[in-house]
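Here are the chains, one letter per residue:
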Amino acid sequence: MPMNMQEWRDSTATADDAANVFRSLLQMVGAPDRTINSIRGAATHRGAAVVYVGHLPADVVERLAERVRLAVTP
C-alpha cells in the first residue's frame, strides 16, 4: 500500500533527526567534515526512516566504539 505524503514527511523528519544525532556523535569524536556531511536521513519507498552512513574511516569507528565502551562499562 502506498504511503501518503504526510507519512513520507514524518518518516523523513524522523530520519533527519536521527542523522543529526549521528552527525553530532561524529563531531564529538573528531571525525572530518567530509565524513560528517556524508550522513543522510531518508524515507524508504515503504515509509521506513533510515540513515545512510556509507563508508566510515576505521579510526572514526574505533573512536565511536571507545566512547560506547566507556558509557556502558560498569
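Residues numbered from 1 in each chain as written. Predicted model: local features only at pLDDT ≥ 70, side-chain atom pairs only at ≥ 80, totals over all residues. Heavy atoms only, no water.

Novice: Would you take a moment to explain the packing of helix α1 (residues 5-28) against helix α3 (residues 58-72) for this structure?
Specialist: Each pair of packed helices can be described by the angle between their axes along with the distance between the axes. Running from amino to carboxyl end, α1 crosses α3 at an angle of 95°, the nearest separation of the two axes being 9 Å. Taken together, the axes of α1 and α3 are roughly perpendicular relative to one another. Counting all contacts with α1, which are made through F22, L25, L26 and M28, the residues of α3 involved are V60, L64 and R67. Residue composition of the contact of α1 with α3, by class: six nonpolar, no polar and one charged. (Axes fitted to C-alpha atoms, helices over the stretch in contact; angles between N-to-C directions. Helix = DSSP H or I, 4+ residues; strand = E, 2+ residues; numbered from the N terminus. Parallel < 35°, antiparallel > 145°, perpendicular 65-115°, else oblique. Contact = heavy atoms within 4.5 Å. Nonpolar A, V, L, I, M, F, W, Y, C, P; charged D, E, K, R; others polar.)

Novice: Would you mind going over the pairing of strand β2 (residues 49-52) with me for this structure?
Specialist: Look at any regular strand and the pattern is simple: side chains alternate between the two faces of the sheet. When strand β1 (residues 40-43) meets β2, the two strands line up antiparallel, connected through four bridges. Pairing of R40 across the sheet is with Y52, part of β2. Taken together, β1 and the strand that follows it, β2, pair antiparallel across an intervening segment of five residues, in which G47 is found at a positive phi of about 95°. (Pairing = 2+ DSSP bridges.)

Novice: Honestly, the confidence of the model for the protein in this entry has me stumped. Any pointers?
Specialist: Caution applies to low-pLDDT regions: their predicted coordinates should not be interpreted in detail. Chain-level statistics for the protein give a pLDDT mean of 93 and a share of 99% at 70 or above. By mean pLDDT, the top-scoring element of the protein is β2 (98), and the lowest-scoring one is α3 (92). (pLDDT = per-residue confidence, 0-100.)

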